[in-house]
Amino acid sequence: MLMEENTKGKIEKILFTLFITCVFIVALKMSWNWPVRAAIIIWVLGGAGLVATLYQLGTDFKSIFSEPAKVEGMAFEAPLPEVGDSRWGNLEIWSWLIGLFVVILLVGFPIAVPLFVFAYAKFYGSRWITAIIMSGVSWGFIYGVFEETLHVRWPEPFLYRLFTS
């Protein structure tokens, strides 16, 4: 009886994932003949969603044919933060966001985001190479999607206006 209920739950998961997969496929099919500027967000998010749901389908099908894992209960292995570490919590988050906003106003979005990614990664202990790669990828994404594909015209940054006037 327990095995049948377990299999029934797995089949319901597969059916739900199939439904979501179909939604992504229909969205991608509908947007195929649209202009690039209108369809790019559907292609990016729909493509990523389709890949994720196909992976989930594979995992769901695999779970039907494998032995169920023995559940022992929840295990919390992550260390609890010390009181001193989290006392600035929200203030620290808002400081990073306001700092990003100010840098966007000063130097512009395409430069500010990679700088922000680099500074954030280095501040929280990332290695140099990791921080450089992450900021390079963020710049490549902004340049590739917003500048080359969508041809977004960014407002002139404050420092540019200050030095060119």
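All figures in this text were calculated on a predicted structure; none of them were measured in a lab. (Residues numbered from 1 in each chain as written. Predicted model: local features only at pLDDT ≥ 70, side-chain atom pairs only at ≥ 80, totals over all residues. Heavy atoms only, no water.)

**Thoughts on the overall build of the protein chain**
Under the convention used in this document: Under the DSSP-based scheme used, a helix requires at least four consecutive residues in state H or I and a strand at least two consecutive residues in state E, with every element numbered from the N terminus. Three labels apply to residues, based on accessible area from a 1.4 Å probe with only protein chains included: buried if under 20% of the type maximum, exposed if over 50%, partly exposed otherwise in between. Contacts were defined at the residue level, with two residues in contact if any of their heavy atoms lie within 4.5 Å. All accessible areas in this document rest on Shrake-Rupley with a 1.4 Å probe, and a residue is counted as covered only by the protein chains that are shown.
Helix and strand counts for the protein chain stand at six helices and zero strands. Order of helices (α) and strands (β) in the protein chain, N terminus to C terminus: α-α-α-α-α-α. Across the 165 residues that make up the protein chain, the buried fraction comes to 19%. Partitioning the contacts of the protein chain with sequence separation of at least 6, the portion at a separation of at least 24 is 60%. Total accessible area on the protein chain is roughly 13300 Å²; 72% of this is exposed by carbon and sulfur atoms.

**Here we look at a nonpolar patch on the surface**
What counts is decided by this rule: A patch is a set of surface residues, each over 30% in relative accessible area and not in a salt bridge, joined within 9 Å for like charges and within 5 Å for the nonpolar side chains Val, Leu, Ile, Met, Phe, Trp and Tyr. For salt bridges, the criterion is a side-chain nitrogen of Lys or Arg within 4 Å of an Asp or Glu carboxyl oxygen.
Together, I93, W94, L97, I98, F101, V102, L105, L106, F158, L159, L162 and F163 line one region of the surface with nonpolar side chains, adding up to about 1200 Å² of accessible area. Contributing elements (two or more residues each) for the nonpolar patch: α3 (89–107) and α6 (158–164). The element best represented in the nonpolar patch is α3, accounting for eight residues. The residue L159 is located in helix α6 in this model.

**Comments concerning helix α2 (residues 36–65)**
Worth spelling out the cut-off: In a helix, the anticipated span is given by 1.5 Å times the number of residues less one.
Here α2 is 30 residues long and its end C-alpha atoms lie 42 Å apart, about the 44 Å a rise of 1.5 Å per residue gives. A39, I40, G46, G49, L50, T53, L57 and D60 are the residues of α2 that are buried.

**Structural notes on the packing of helix α4 (residues 109–123) against helix α5 (residues 128–149)**
Applied cut-off: Each axis is a line fitted through C-alpha atoms, taken for helices only over the stretch in contact, and angles between the N-to-C directions span 0 to 180 degrees. In this scheme, roughly parallel covers angles under 35 degrees and roughly antiparallel covers those over 145, while 65 to 115 is roughly perpendicular and the rest are oblique. We call a crossing left-handed when the near helix sits turned anticlockwise from the far one by less than a right angle, and right-handed when that turn is clockwise.
For the pair α4 and α5, the least separation of the axes is 8 Å and the interaxial angle reads 160 degrees. Comparing their axes, α5 and α4 come out roughly antiparallel. Along this stretch, α4 crosses α5, giving a crossing that reads as right-handed. Together, F109, P110, V113, P114, V117, F118, A121 and K122 of α4 and W128, A131, I132, M134, S135, S138, W139, I142 and E147 of α5 make up the contact between the two elements.

**Topic: the packing of aromatic side chains**
Filter applied, for reference: Centre distance within 6.5 Å is the pairing criterion for rings of Phe, Tyr and Trp, where only the six-membered ring of Trp is used; planes under 30 degrees apart are then read as stacked, over 60 as edge-to-face, and the remainder as tilted.
This model, assessed by the stated rule, comprises 13 aromatic pairs. Pairing F109 with W154 gives two aromatic rings, centres 4.9 Å apart and planes at 20 degrees, and the pair type is stacked. With a gap of 45 residues between them, F109 in helix α4 and W154 in the loop between α5 and α6 connect regions that are remote in the sequence. With 5.6 Å between their ring centres and 45 degrees between their planes, F118 and W128 make a pair best called tilted. On the criterion of sequence distance, the pair formed by F118 in helix α4 and W128 in helix α5 is long-range, its members being ten residues apart. Accessibility expressed as a relative area gives 23% for F118, which makes it partly exposed. The class of W128 is exposed, set by a relative accessible area of 57%. Within the aromatic cluster, the residues linked to one another by ring pairs are W96, F116, Y120, F123 and Y124.

**Observations concerning the confidence of the model for the protein chain**
What counts, and what does not: As a per-residue quantity, pLDDT reports the predictor's confidence and falls between 0 and 100.
Counting all residues, the mean pLDDT for the protein chain is 84, and 83% of those residues have values of 70 or more. Per-element mean pLDDT across the protein chain ranges from 83 in helix α1 (residues 2–31) up to 94 in α4.

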